[in-house]
Amino acid sequence: MAAKRTSAKAVSELVDSLGDRLGRELSTQSVLFHQAIAERLGLKGTDHKYLDVIRRAAEAGPVTPGDLVQLTGLTSGGVTGVLDRLETAGFVRRVEHPTDRRQLVVEPVVERYAEIGALFAPFRERWAVLCARYSLAELQLICGFFEQAIALMAEEIARMQGPARPGAAPASVPPRAATDVKRTKARPRRAP
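The written sequence of each chain sets the order in which its residues are numbered from 1. Note on the predicted model: pLDDT of at least 70 is required for a residue's local features to be given, and 80 or more for side-chain atom pairs to be given and counted; whole-chain, interface and lining totals, by contrast, use all residues. Remark: hydrogens and water are excluded; side-chain values derive from all non-hydrogen atoms of the structure.

1. A word on the state of the cysteines
Part 1 of the argument: The definition used for a disulfide is geometric: two cysteine sulfur atoms within 2.5 Å. A full pass over the atoms with the stated rule returns zero disulfides.
Part 2 of the argument: Take Cys131: it sits in no disulfide, and the sulfur closest to it among the cysteines is that of Cys143, at 7.6 Å.

2. Considering the side chain of Asp67
Part 1 of the argument: Note that Asp67 resides in helix α3 (residues 65-72).
Part 2 of the argument: Here Thr64 takes part through its backbone nitrogen, which lies 2.8 Å from a polar atom of the side chain of Asp67. Elements are defined by DSSP. Helices are runs of H or I of four residues or more, strands are runs of E of two residues or more, and each kind is numbered from the N terminus. Pairing of N or O atoms within 3.5 Å defines a polar contact, subject to two protein rules: one partner must be a possible hydrogen donor and the other a possible acceptor, and residues neighboring in sequence count only if both atoms are side-chain atoms.

3. Considering the pattern of salt bridges
Part 1 of the argument: We define a salt bridge as a contact between a side-chain nitrogen of Lys or Arg and a carboxyl oxygen of Asp or Glu at a distance within 4 Å. Inspection of the entire model under this criterion finds ten salt bridges.
Part 2 of the argument: The partner of Arg85 in a salt bridge is Asp47, with the nearest N and O atoms 2.6 Å apart. One end of the pair, Arg85, is in helix α4 (residues 76-88); the other, Asp47, is in helix α2 (residues 47-58), with 38 residues separating them in the sequence.
Part 3 of the argument: With a shortest N-O distance of 4.0 Å, Lys49 and Asp52 are connected by a salt bridge. Highlighted residues: Lys49 and Asp52, both in helix α2, separated by three residues, approximately one helical turn.
Part 4 of the argument: Only protein chains enter the accessibility calculation, which uses a 1.4 Å probe; a residue is then buried when its area is under 20% of its type maximum, exposed when over 50%, and partly exposed in between. Here Lys49 falls in the partly exposed class, since its relative accessible area comes to 35%.
Part 5 of the argument: Among the charged side chains, a salt-bridge network with shared partners connects Lys49, Asp52 and Arg56.

Structure (structure tokens):
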């Protein structure tokens with residue numbers, strides 16, 4: 001019985017360490033890493049990650065600024081600011097929608113992908129060396145953990161951006177699915 005309690009305590013301590021120490025530190029280092037990448041590209045901190053959202057969404061079809069509001073949870077003004085900075089830096093362009101001339105489409109500038117990839121190359125090489133230390137079974141376990149952690153985080157984002165509970169401050173943005181690139185067609189604006 002004592003061994004079972006010791007084991008349960010050890011598991012509890014590891015879970016706490018994963019969430020409170022290691023998870024937080026990994027998250028912080030990830031933010032700082034992407035900030036450094038963004039600075040090298042002449043962008044602001046999160047603009048580089050919004051570019052990734054645009055790139056992935058564009059693989060499924062035309063992406064409008066309205067789609068980006070839904071995908072990111074940003075306000076339309078926030079999306080405009082991100083797009084202005086990405087366009088000024090040469091990473092996206094706004095073009096006429098192929099079937100609806102009332103809308104614009106945001107296209108990533110594919111010619112810039114190599115520049116972005118070059119910044120990640122040293123990290124990818126070191127990542128491969130790190131992964132080589134683990135067996136196939138261990139890597140599968142790690143991948144499964146990350147997939148579930150990503151899904152959990154997406155659910156928490158949707159929960160936080162969803163309707164507020166009674167007595168809580170109202171959410172400022174509608175809920176979204178962080179990993180879903182499904183988009184809705186923006187409604188045309190009516191003349192005043």
